[in-house]
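Tertiary structure, described
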2 protein chains.
Amino acid sequence: MTKKRESTGFLIKQRAFLKLYILTSIEKERWYGMQILDELKAAFRPFGYEPQHSEIYRALHDLLEDGILTRKKIIEEGSRYKEVAVYSVKNKDEAKAYKKLVKADLDRGEQLLRKALKDNFS
Amino acid sequence: MTKKRESTGFLIKQRAFLKLYILTSIEKERWYGMQILDELKAAFRPFGYEPQHSEIYRALHDLLEDGILTRKKIIEEGSRYKEVAVYSVKNKDEAKAYKKLVKADLDRGEQLLRKALKDNFS
DNA sequence: GTATGAACACACTGTTCATAA
DNA sequence: TTATGAACAGTGTGTTCATAC
């Protein structure tokens, strides 16, 4: 019954990490890919991490396939440029369940890194 | 002058993580692959992470290529089974420099995970 | 130029196979 | 069996290309 496992045992995958952020963004307001990308790039630049646009889209498509999000193509009035793909949460329960899963992996990863710092630098 | 980059911007790679642990193990006493593997497996099992033997060997070989470790093949008296490859630190300065580099990546990763927990669960 | 997406290519790592004692 | 290693295979992700405004 397990779908694709999100964790290989070591640290969380970038994909899952981004899916989590995307879910949180979309829960707040209706957003589309580029917008989220710019947000995240800005947020993580100070940490030396800059997600690529293709990863964002792959994450978005994953969430579609998972049945967690739905997509509508819309001609935004404000934005001068054509169609954007606007996402919203389709299945709140699944979204919540997924986030819970990712949280566990984040917690685990934090412990792993902490342990490594302790074991090797003290 | 930068060799293969150890970090792709996101979290630290398993390889670098293991190389760090290997260096620390070898600094303490003369050890060989399987021994380190068993150690690490035991240490990380509670965290749901179990490194594979091939990754350990790859990490060891990397450290050889980096010029940080040297290897001698030895017939251990105690161990009933033939040759083992025993490693020791060849270049202490490079070892130190490498560990410093990895530490930075661990710190960064911890911040990233912390931020994700904060941003998405609070 | 902005926005979305797919294709391609490579890097990372897990699984399997090989060899030796 | 223990130990080391290489080969193979799958997956994840960065880079590039394609399309539409």
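Structure: see above.
Since the model is a prediction, treat every value here as computed from it, not as a measurement.

Definitions and cut-offs
- Residues numbered from 1 in each chain as written.
- Chains lettered and ligands numbered in written order.
- Predicted model: local features only at pLDDT ≥ 70, side-chain atom pairs only at ≥ 80, totals over all residues.
- Heavy atoms only, no water.
- Least-squares fit on C-alpha atoms with pLDDT ≥ 70 in both.
- Contact = heavy atoms within 4.5 Å.
- Pairing = 2+ DSSP bridges.
- Helix = DSSP H or I, 4+ residues; strand = E, 2+ residues; numbered from the N terminus.
- Axes fitted to C-alpha atoms, helices over the stretch in contact; angles between N-to-C directions.
- Buried area = accessible area lost by both parts, 1.4 Å probe.
- Salt bridge = Lys/Arg side-chain N within 4 Å of Asp/Glu carboxyl O.
- Polar contact = N/O pair within 3.5 Å; in protein donor to acceptor, adjacent residues only side chain to side chain.
- Expected span 1.5 Å × (residues − 1).
- Buried < 20%, exposed > 50% of the residue type's maximum accessible area, 1.4 Å probe, protein only.
- Arc of directions from axis to C-beta.
- Near = heavy atom within 4 Å.

1. Observations regarding the relation of the copies chain A and chain B
When chain A is fitted onto chain B, the two copies agree to an RMSD of 0.0 Å after a turn of 180° and an axial shift of 0.0 Å. Here the two chains are linked by the operation of a two-fold rotation axis. Proximity to the rotation axis, assessed at the C-alpha, singles out Glu110 of chain A in chain A; its C-alpha lies 2.9 Å from the axis. Here 100% of the contact residues of chain A are again contact residues in chain B; the copies associate through an equivalent surface.

2. Digging into the sheet that holds strand β3 (residues 83-89) of chain B
All names here are of chain B. Strand order in the open sheet formed by three strands is β1-β3-β2, with antiparallel pairing between adjacent strands. Since the sheet does not close on itself, it has two edges, and those belong to β1 (31-32) and β2 (69-75), each with one partner. Bridging between β2 and β3 involves seven bridges; their strand directions are antiparallel. Within β3, the position partnered with Leu69 by the bridge is Val89. Of the strands in this sheet, β2 and β3 touch helix α3 (residues 53-65), which is tilted by about 120° from β2.

3. Examining the interface of chain A and chain B
The interface of chain A with chain B comprises 32 residues on the first partner and 32 residues on the second. When chain A packs against chain B, the two sides together hide about 3200 Å² of surface, and 74% of this comes from carbon and sulfur. Summed over the shared surface of chain A and chain B, the result is two salt bridges. Residue Arg114 of chain B is joined to Glu110 of chain A by a salt bridge in which the shortest nitrogen-to-oxygen separation is 3.1 Å. Counting across the interface, chain A meets chain B through eight residue pairs in polar contact (both at pLDDT 80 or more). Contributions of two or more residues to the side of chain A that touches chain B are made by α1 (14-28), α2 (33-44) and α4 (92-120) of chain A.

4. Notes on helix α2 (residues 33-44) of chain B
For α2 of chain B, built from 12 residues, the straight-helix expectation of 16 Å at 1.5 Å per residue is met to within 8% by its first-to-last C-alpha distance of 16 Å. Listing the buried residues of α2 of chain B in full gives Gly33, Ile36, Leu37, Leu40 and Phe44 of chain B. All buried residues of α2 of chain B lie within an arc of 100° about the axis, which places them on one face of the element. Buried positions along α2 of chain B lie against α4 of chain A together with α1 (14-28), β1, α3 and β3 of chain B.

5. Regarding the protein's contact with DNA strand D
The immediate surroundings of DNA strand D are formed by 25 residues, with Arg58 and Lys82 of chain A together with Met34, His53 and Arg71 of chain B found nearest. Backbone atoms, meaning sugar plus phosphate, form 61% of the atoms of DNA strand D positioned within 4 Å of the protein. Measuring from a phosphate oxygen of DNA strand D, one finds a side-chain N or O atom of Arg71 of chain B at 2.4 Å. For DNA strand D, a phosphate oxygen lies 3.4 Å from a polar atom in the side chain of Lys73 of chain B. When residues of the surface near DNA strand D are traced back to their parent elements, those giving at least two are α1 and α3 (53-65) of chain A together with α2, α3, β2 and β3 of chain B. Of all the elements, α3 of chain B adds the most residues to the surface near DNA strand D, at five residues.

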